[in-house]
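Structure assessment
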Amino acid sequence: MTGITQTGEKKLMFFSGRAYPELAEEVASHLGIDTTPTALRDFANGEIYARYLESVRGCDAFVIQSHTGPINKWIMEQLIMVDALKRASAKRITVIMPFFGYARQDKKGRGREPITARLMADMFKTAGADRLMSIDLHTSQIQGFFDGPVDHLFAMPVLVNYLKDKLDLQTTTVVSPDTGRVRLTERWADTLGTPMAFIHKRRDLDVANQVTVNEVVGKVRGRTCILIDDMIDTAGTICKAADALYEQGATNVLVAATHAVFSDPAVDRLKNSKVSEVIVTNTLPIAEEKRFDKLTVLSIAPLIARAITEVFSDGSVTSMFEGDS
């Protein structure tokens with residue numbers, strides 16, 4: 001015998017950064033555990049310090065952090081937490097980023113541009129992450145940027161279950177706000193059993209968050225339209241798409257999106273738009289001043305908790321979405 005064999009049980013430990021502790025606590029409650037006590041603080045010059053107050057040696061570590069504003073600070077904090085886990089001999093480190101920061105820059109549209117989604121994946125791999133978990137990536141190709149397993153979760157079941165009880169599906173059309181969401185729209189339409197449509201738009205490459213709606217393709221006249229997207233940032237795309245649908249004869253427009261980024265002036269645009277309801281999930285914190293009457297926030301915590309359980313028990317994350325991954 002050339003080694004020592006020791007029988008032991010795996011140990012799941014759940015860690016949270018400071019960006020959105022409320023979501024972490026909700027996920028932990030669904031898991032039936034507490035978040036591991038962690039000392040996190042800022043030095044006077046803005047540098048971040050992290051130390052775990054319990055031993056993490058040999059554990060299966062799950063580190064959650066929402067990449068909300070100030071986004072660079074919270075990404076850096078999560079990287080530091082991962083590095084601390086690696087150096088403290090955690091057996092496996094899974095990084096949970098409900099919203100994947102910098103995901104919109106996933107390719108070079110023009111010369112001399114960065115691919116920040118790849119940079120993010122590289123940084124977490126270098127820090128010591130063995131696995132990534134995220135919800136509704138801006139594009140599925142980002143999964144290939146990380147040299148390891150990536151659990152790409154979908155908020156669609158959460159959003160669809162809510163909408164099924166509200167709408168007459170016989171008079172409903174699912175609409176993509178641009179051609180980049182057509183595949184997602186097809187999945188929604190197949191799930192709901194409704195027609196689909198999409199909006200052709202052009203984006204000003206020299207001005208961020210500026211779009212021009214050109215044409216609506218599909219059957220929308222006299223129907224309720226569900227505009228779907230992965231995120232709402234400044235709400236320019238969504239509001240212009242809603243206006244275009246009403247111009248084409250839609251009787252009602254709802255918006256369903258996973259990530260409520262809500263950069264200014266998103267809230268004012270949505271409040272003053274013709275959209276009847278905006279349905280989002282709580283992947284990102286929404287400040288009280290950014291909540292409004294038309295806003296509905298659904299919890300993503302049960303989905304994350306189930307995915308953590310499947311990963312920890314070596315189960316199937318894909319089975320959560322009936323084979324659609």
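For the structure, check the block above.
Residues numbered from 1 in each chain as written. Predicted model: local features only at pLDDT ≥ 70, side-chain atom pairs only at ≥ 80, totals over all residues. Heavy atoms only, no water.

1. Describing the nonpolar core
Here is the rule we go by: What we call a nonpolar core is a set of buried Ala, Val, Leu, Ile, Met, Phe, Trp, Tyr and Cys residues that are connected through their side-chain atoms within 4.5 Å. Exposure classes here rest on a 1.4 Å probe applied to the protein chains alone. A residue is buried below 20% of its type maximum, exposed above 50%, and partly exposed in between. Counting from the N terminus, the helices are DSSP H or I runs at least four residues long and the strands are E runs at least two residues long.
By size, the foremost hydrophobic cluster in this structure holds 42 residues, and its most contacted members are Phe 14, Val 27, Trp 188, Ile 304 and Ile 308. Listing elements by their share of this core, those giving two or more residues are α1 (21–31), β4 (60–64), β6 (131–135), α4 (156–164), α5 (182–192), β11 (224–232), β12 (252–260) and α8 (301–312). Per-element tally for this core: the top contributor is α8, with 8 residues.

2. Notes on the sheet that holds β4
Applicable threshold: In this description, strands pair whenever DSSP reports at least two bridges between them. Here the axes come from fitting lines to C-alpha atoms, over the contacting stretch only for helices, and the angles between their N-to-C directions go from 0 to 180 degrees.
Ordered in space as β1-β4-β5-β6-β7, the 5 strands form an open sheet in which the pairing is parallel. At either end of the open sheet lies a strand with only one pairing partner, and these are β1 (12–16) and β7 (150–153). Geometrically, the sheet is characterised by an average inter-axis angle of 15 degrees between neighbouring strands, direction not taken into account. Pairing analysis gives 5 bridges linking β4 to strand β5 (residues 92–97), with the strands arranged parallel.

3. Overview of the packing of aromatic side chains
To be explicit about the condition: Ring pairs shown here join Phe, Tyr and Trp side chains whose ring centres sit within 6.5 Å, with only the six-membered ring taken for Trp; geometry is labelled stacked below 30 degrees between planes, edge-to-face above 60, and tilted in between.
Going through the model one piece at a time under the given rule, you end up with 3 aromatic pairs. Ring geometry for Phe 15 versus Tyr 52: centroids 4.8 Å apart, planes at 65 degrees, classification edge-to-face. Here Phe 15, found in strand β1, pairs with Tyr 52, found in strand β3 (residues 48–52); they are 37 residues apart in sequence, far enough to count as distant. With a relative accessible area of 8%, Tyr 52 lands in the buried category.

4. Structural notes on unusual backbone geometry
Following Gly 69, the chain continues to Pro 70 via a peptide bond in cis, the omega torsion being -5 degrees. Note that Pro 70 resides in the loop between β4 and α2 (71–87). Note the cis peptide between Asp 264 and Pro 265, where omega equals 5 degrees. Here Pro 265 is to be found in the loop between β12 and α7 (266–271). Notably, Ala 235 is not glycine yet its phi reads approximately 70 degrees, a positive angle. Considering the arrangement of structural elements, one finds Ala 235 in the loop between β11 and α6 (236–247).

5. A word on the pattern of salt bridges
Cut-off, in case you're wondering: Any Lys or Arg side-chain nitrogen found within 4 Å of a carboxyl oxygen on Asp or Glu counts as a salt bridge.
For the structure shown, the criterion picks out 16 salt bridges. Close ionic contact of Asp 122 with Arg 118 constitutes a salt bridge, the shortest N to O distance being 2.9 Å. Within this pair, Asp 122 and its partner Arg 118 are both found in helix α3 (residues 116–127), separated by 4 residues, close to a single helical turn. A residue is classified by how much of its surface remains accessible, and Asp 122, at 32% relative accessible area, is partly exposed. By sharing partners, the salt bridges in this structure join Arg 18, Asp 42, Lys 73 and Glu 77 into a single network.

6. Some thoughts on α4
Side chains of residues three or four places apart in an α-helix project in the same direction, reflecting 3.6 residues per turn. To keep it simple, the criterion reads: Each C-beta atom gives one direction from the helix axis, and the arc is the one those directions make. Any two residues having at least one pair of non-hydrogen atoms within 4.5 Å are treated as being in contact.
When we look at burial in α4, the residues that qualify are Met 156, Leu 159, Val 160 and Leu 163. Along the long axis of α4, the arc covered by the buried residues comes to 95 degrees, so they all point the same way. In this structure, the buried side of α4 is in contact with α5, β11, β12, β13 (277–281) and β14 (295–298).

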